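Architecture at a glance
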Amino acid sequence: MENSPLFKPGHTACAGCGQAVAARLVIEAAGANTIIANSTGCLEVFTTKYPETAWGVPWIHSLFENSAAVASGVEAALIYLGKKDKINVIAQGGDGSTGDIGLQAISGMLERGHDILYVCYDNEAYMNTGVQRSGLTPFDTNTTTSPASGLSSGNLRPKKPVPEICAAHGIPYVATASAGFPQDLTRKVKKAISTKGPKYIQVHVPCPLGWRHESNQMLPVAKMAVETGLYPLFEYEFGVLSGRKQIAPKPVEEYLRMQGRFKHLLNNPGEIRKIQDIADSNIKKYNLKLEAQAPNA
Amino acid sequence: MFGPLTVKPKNSKGDKTGSWRTLLRPHYLHKNCIACKMCLMICPEGCVSGKEKNAFSVDYTFCKGCGLCADICPKKDITMVAEVLEEEVR
Amino acid sequence: MKEFVEGSHAIAEVVKSCQPGVISAYPITPQTHIVEDLAQMVSSGELKSQFVNVESEHSAASVVLGASATGVRVYTATSSQGLFYMQEVVFNIAGMRLPVVMTCANRAISAPINIWNDQQDSISLRDSGWFQIYAEDNQEAVDFHLIAYRLAEDKRVMLPVMVCMDGFILTHGMETVDIPEQDKVNKFLPVYKPLYKLDPADPISLGLLADPDYYMETRFAIQETMRESISYLSEISKEFNNAFGRDYKDLLVEEYQVKDAEKVIVAMGSVCGTIKEVVDEQRAKGKKVGLLRIISYRPFPYARIYEALKDVPKVAVLDKAVSLGAYAPVAVEIKSAFFGKKKGPKVISSFVGGLGGRDITMETIHEVFRRLGAKEVNFDFVDLKPELLKEGTPC
């Protein structure tokens with residue numbers, strides 16, 4: 001991994017950036033025979049400022065919303081050249097470029113059945129442009145365009161269910177993952193890469209700057225999102241739920257108090273109740289609750 | 001005539017992001033390490049290298065001092081210590 | 001081989017002979033027949049391309065961008081709204097120096113929605129860094145696609161080319177066209193060898209962030225390449241003539257009876273066929289008129305136009321596009337060819353016509369010659385219907 005790195009140090013991500021961790025794990029799991037099409041966003045900006053590049057694999061950045069379409073073109077060219085069997089194609093971008101402006105291109109790519117893995121790095125806002133809310137910003141989050149001030153408790157809309165939208169296309173593999181569970185992420189990427197057809201993985205990646213937590217808190221924050229049920233880790237295969245990470249659910253307040261973006265909720269039990277309802281509904285929907293262990297006889 | 005358009009990874013040395021550290025740097029004790037490689041996996045920079053037990057190390061040219069390696073080590077074999085600033089060494 | 005075919009079908013045949021590896025397009029009138037024919041050829045096995053049916057023009061352009069970056073010859077076609085939808089990708093493709101070839105079936109721009117021909121679509125993308133060559137008839141449309149690939153993929157060039165053909169008039173018009181044979185195409189058009197490509201064997205990063213210290217040189221480089229390409233066009237035209245026996249001279253302009261003309265109309269595209277008819281008619285009556293047809297709109301051949309028109313006393317430019325609030329695009333560039341120069345026409349009148357597919361007839365051209373007099377017409381529309389301007393106003 002370190003001798004010929006596919007994701008080189010010397011990039012300009014913030015210290016402790018969850019997306020940098022995840023992006024590195026993704027390309028290391030996919031391997032050197034991979035071509036990446038990347039959307040505009042933090043990942044693109046901090047890895048490729050001319051004349052530097054952090055990428056040890058062929059990498060192309062076009063625009064904000066078209067990485068899925070560019071990747072479709074790369075894949076089609078590889079098929080034409082007879083090389084597709086040996087080379088993986090990954091399209092990747094943030095939550096904004098995936099679930100908002102790029103949703104059309106992804107839907108087209110999934111519907112056409114290209115052999116491409118799409119990875120969404122979900123830090124739950126348009127971070128590169130300064131923490132504006134996206135369709136995947138969770139309920140009640142404080143962002144610059146959904147400010148929690150005066151009459152508002154922040155983003156008033158629920159998180160867009162992009163993994164479910166992708167699963168509804170009936171594609172071979174959809175998964176959610178987290179930078180707080182690096183081995184699980186690696187396993188899921190390897191599983192996706194070895195599957196033929198379109199795949200979607202959405203990785204929850206804490207952003208110390210946008211979420212307002214310390215650089216060294218990435219792991220506990222990411223883990224807590226999963227452990228409260230707010231960010232369920234699951235897998236769909238051909239539109240059917242095929243796996244999920246079970247949890248012993250913690251109260252959502254433990255997650256909210258770790259981050260400045262939820263600070264405004266801490267003395268607002270009414271709003272916390274609403275967020276707990278979201279977590280509870282995820283736990284129910286995906287059957288996340290660990291069964292109680294039978295005591296040893 | 002093309003101008004600045006493409007970059008090959010072999011021609012890119014990266015920014016010396018080690019200069020970002022001001023407060024803390026990771027210190028590997030090399031005592032209890034079980035070579036689980038979690039520090040290597042979790043580093044956002046990818047500047048941790050090593051294979052054998054008690055033989056993992058950080059490239060301080062790039063380390064930003066985020067502390068994720070110290071946080072993830074199951075054996076608490078990595079601690080964050082005060083950054084050695086150039087002026088203090090002299 | 002000569003065939004009496006619909007323009008779109010002729011284009012599909014010539015694109016087939018260029019053997020693009022990836023074709024991607026989104027349906028829009030009047031481009032549809034080209035893409036349908038290509039789909040038919042792929043499905044029958046005549047054409048071994050990857051045909052990607054995308055969900056929008058933005059994605060069509062993105063697919064050919066990605067495929068071209070992977071080192072494969074590509075093709076797309078669009079029109080009007082589709083061209084505008086893919087506009088940011090169009091600029092992206094030129095900025096990345098990818099030799100994409102696109103057919104633009106020229107069509108008017110909404111609103112109001114109108115599917116008939118004018119040149120507002122491609123002209124509105126004149127800043128993009130793409131070559132733009134305009135065909136007068138279907139033979140040219142066919143030939144220009146071969147020339148387009150040859151030009152785009154030239155190692156000194158590496159820029160995308162838009163072949164512009166008037167929608168419906170050419171795309172749906174039936175003409176006798178000589179479709180170049182495959183073996184001759186193979187000789188004229190070498191196998192595409194990209195300068196750089198996405199390949200794990202030799203990784204590159206493409207599409208990096210270029211801050212103020214780096215950006216401007218990439219734009220200068222495209223401008224320089226376009227300037228140098230003025231001479232490459234002549235080179236390629238000669239090669240084409242040797243291969244196929246049709247001489248497009250310098251591929252910049254066509255001078256039709258310009259030499260001793262007292263009045264010349266400047267225009268682009270299929271309307272030039274009509275203008276030639278009127279020129280012939282008037283010359284037969286002893287009137288010294290002519291036509292200067294622009295073939296290469298980008299790069300704009302300022303020096304060539306100066307040479308052609310410097311001794312012509314009266315010039316009328318007939319535009320099929322308008323920069324609302326200001327001027328007619330071709331006219332203003334024609335005028336600037338003479339600014340500060342010793343010689344030039346005494347009068348350069350600017351007319352806009354044919355918008356939204358309004359037919360430019362021989363009578364229209366007669367009218368333009370009539371209005372081209374001692375007094376310059378700074379800017380005017382032709383063939384307007386004043387009765388419509390009394391209706392349709394908000395009340």
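Next up on the list: the overall build of chain B. Looking only at helices and strands, chain B has 3 helices and 5 strands in total. Relative to the globule expectation of 12 Å for 90 residues, the C-alpha radius of gyration of chain B, 16 Å, shows a markedly less compact shape. On the principal axes, the C-alpha backbone points of chain B span a range of 55 × 35 × 20 Å. Every one of the 90 residues in chain B was classed for burial, and the buried ones make up 40%. Across chain B, contacts joining residues at least 24 apart in sequence account for 66% of those joining residues at least 6 apart.

The extent of an interface is frequently quoted as the accessible surface area lost upon association of the parts. Chain B puts 9 residues into the contact, and the matching count from chain C is 15 residues. Taken together, the residues that form the side of chain B that touches chain C break down as 6 nonpolar, 2 polar and 1 charged. As defined by bridge partners, strand 1 (residues 6–7) of chain B adjoins strand 9 (residues 205–206) of chain C across 2 bridges and the pair is classed as antiparallel. Each residue of the ladder has a partner; that of V7 of chain B, found in strand 9 of chain C, is S205 of chain C.

With that settled, the discussion passes to helix 13 (residues 362–371) of chain C. Residue and element names in this part refer to chain C. Buried within helix 13 we find T364, I365 and V368. End-on view of helix 13: buried residues confined to an arc of 95°, all on one side of the axis. For helix 13, exposure combined with an orientation more than 90 degrees from the buried face picks out M362, E363 and R370. If you follow the buried residues of helix 13, they end up packed against strand 11 (263–268), helix 10 (271–284), strand 14 (314–319) and strand 15 (347–352).

Once that is clear, we can look at the sheet that holds strand 1 of chain B. Spatially, the 10 strands line up as an open sheet ordered 8(A)-7(A)-5(A)-6(A)-4(A)-3(A)-1(A)-2(A)-9(C)-1(B), and their pairing is mixed. Each edge of the open sheet carries a strand with a single partner, namely strand 8 (240–244) of chain A together with strand 1 of chain B. As paired strands, strand 3 (residues 88–94) of chain A and strand 4 (residues 117–122) of chain A are joined by 5 bridges and run parallel to one another. Among the inter-strand pairings, Q92 of chain A is bridged to a residue of strand 4 of chain A, identified as V119 of chain A. The sheet strands contacting helix 7 (residues 182–193) of chain A are strand 3, strand 4, strand 5 (173–178) and strand 6 (199–204) of chain A, and the helix crosses strand 5 of chain A at an angle near 160°.

Let's shift gears to helix 12 (residues 329–336) of chain C. Taken as a whole, helix 12 of chain C has its buried residues at P329, V330, A331 and I334 of chain C. Lining the buried residues of helix 12 of chain C we find helix 6 (120–123), strand 11, strand 12 (289–294), helix 11 (302–309), strand 14 and strand 15 of chain C.

Let's shift gears to the environment of T61 of chain B. Residues and elements named next belong to chain B. Note on placement: T61 falls in the loop between strand 4 (57–58) and helix 2 (68–72). The exposure class assigned to T61 is partly exposed, which follows from the 16 C-beta atoms found within 10 Å. It is 9.7 Å that separates the C-alpha atoms of T61 and W20, two residues lying 41 residues apart in sequence.

Attention now moves to the interface of chain C and chain A. Facing 38 residues of chain C, the contacting portion of chain A comprises 38 residues. Of all the secondary-structure elements, those providing two or more residues to the side of chain C that touches chain A are strand 2 (22–25), strand 3 (50–53), helix 3 (57–69), helix 5 (87–95) and strand 9 of chain C. Classifying every residue of the side of chain C that touches chain A by side-chain character gives 19 nonpolar, 15 polar and 4 charged. The pairing of strand 2 (residues 59–61) of chain A with strand 9 of chain C spans 2 bridges and is classified as parallel. Opposite I60 of chain A, over in strand 9 of chain C, you have L206 of chain C as the bridge partner.

The next point concerns the packing of helix 3 (residues 67–80) of chain A against helix 3 of chain C. Axis separation between helix 3 of chain A and helix 3 of chain C bottoms out at 6 Å; the angle between their running directions is 45°. The angle between helix 3 of chain A and helix 3 of chain C places the two elements in the oblique class. The interaxial crossing formed by helix 3 of chain A with helix 3 of chain C has right-handed handedness. Contacts between helix 3 of chain A and helix 3 of chain C pair A69, V70, A71, S72, G73, V74, A76 and A77 of chain A from the former with S59, S62, V63, V64, L65, G66 and A67 of chain C from the latter.

A few words on the sheet that holds strand 10 (residues 253–256) of chain C. Residue and element names in this part refer to chain C. Here 6 strands make up an open sheet; going across it, the order is 10-12-11-14-15-16 and the pairing mixed. The sheet is open, and its two edges are formed by strand 10 and strand 16 (380–381), each paired on a single side. Pairing of strand 10 with strand 12 involves 4 bridges; the strand directions are antiparallel. Its bridge partner being in strand 12, V253 is matched across the sheet by I294. Lying on the sheet, helix 10 is in contact with strand 10, strand 11, strand 12 and strand 14; it crosses strand 12 at an angle near 165°. Helix 13 contacts strand 11, strand 12, strand 14 and strand 15 of the sheet and is inclined by roughly 130° relative to strand 11.

Further remarks concern the confidence of the model for chain B. Scored by pLDDT, chain B has a mean of 92; 93% of the residues are at 70 or more. Of all secondary-structure elements in chain B, the lowest mean pLDDT belongs to helix 3 (residues 86–89) of chain B, at 54, while helix 2 of chain B reaches the highest, 97.

The next subject is the environment of S134 of chain A. All names here are of chain A. Relative to the helices and strands, S134 resides in the loop between strand 4 and helix 6 (162–167). A residue is classified by how many C-beta atoms lie within 10 Å of it, and S134, with 25 of them, is buried. On a C-alpha basis, the gap between S134 and G96 in space is 5.5 Å, while along the polypeptide they are 38 residues apart. Leaving out residues up to four positions away in the same chain, S134 has contacts with D95, G96, G99, D100, A125 and Y126.

We now examine the pairing of strand 11 of chain C. All names here are of chain C. In terms of burial, strand 11 is largely enclosed, as 6 of its 6 residues are buried. In terms of strand pairing, strand 11 meets strand 14 through 4 bridges, oriented parallel. Within the sheet, the bridge partner assigned to K263 lies in strand 14 and is K314. Bridge analysis of strand 11 against strand 12 gives 6 bridges, and the strand direction is parallel. Within strand 12, the residue paired with M268 across the bridge is I294. Taken together, strand 11, helix 10 and strand 12 constitute a β-α-β crossover, and its handedness is right-handed.

Before going further, it helps to spend a moment on the pairing of strand 1 (residues 34–38) of chain A. The two faces of the sheet receive side chains in turn, since in a regular strand these alternate between them. All names here are of chain A. Counting buried positions over the 5 residues of strand 1 gives 5, a clear majority of the element. Here 5 bridges tie strand 1 to strand 3, and the two strands are oriented parallel to one another. Looking at the pairing, N38 lines up with Q92 of strand 3. As paired strands, strand 1 and strand 2 are joined by 3 bridges and run parallel to one another. Across the sheet, I36 pairs through a bridge with W59, a residue of strand 2. Remark: the strand 1/helix 2 (residues 42–47)/strand 2 crossover connection has right-handed handedness.

Conventions used here
Residues numbered from 1 in each chain as written. Chains lettered and ligands numbered in written order. Predicted model: local features only at pLDDT ≥ 70, side-chain atom pairs only at ≥ 80, totals over all residues. Helix = DSSP H or I, 4+ residues; strand = E, 2+ residues; numbered from the N terminus. Rg over C-alpha atoms; globule rule 2.2 N^0.38 Å. Buried ≥ 20, exposed ≤ 12 C-beta atoms within 10 Å, placed from the backbone. Contact = placed C-beta atoms within 7 Å. Nonpolar A, V, L, I, M, F, W, Y, C, P; charged D, E, K, R; others polar. Pairing = 2+ DSSP bridges. Arc of directions from axis to C-beta. Axes fitted to C-alpha atoms, helices over the stretch in contact; angles between N-to-C directions. Parallel < 35°, antiparallel > 145°, perpendicular 65-115°, else oblique. Left-handed = near helix turned anticlockwise from the far one by under 90°. pLDDT = per-residue confidence, 0-100. Right-handed = clockwise from strand over helix to strand, strands pointing away.

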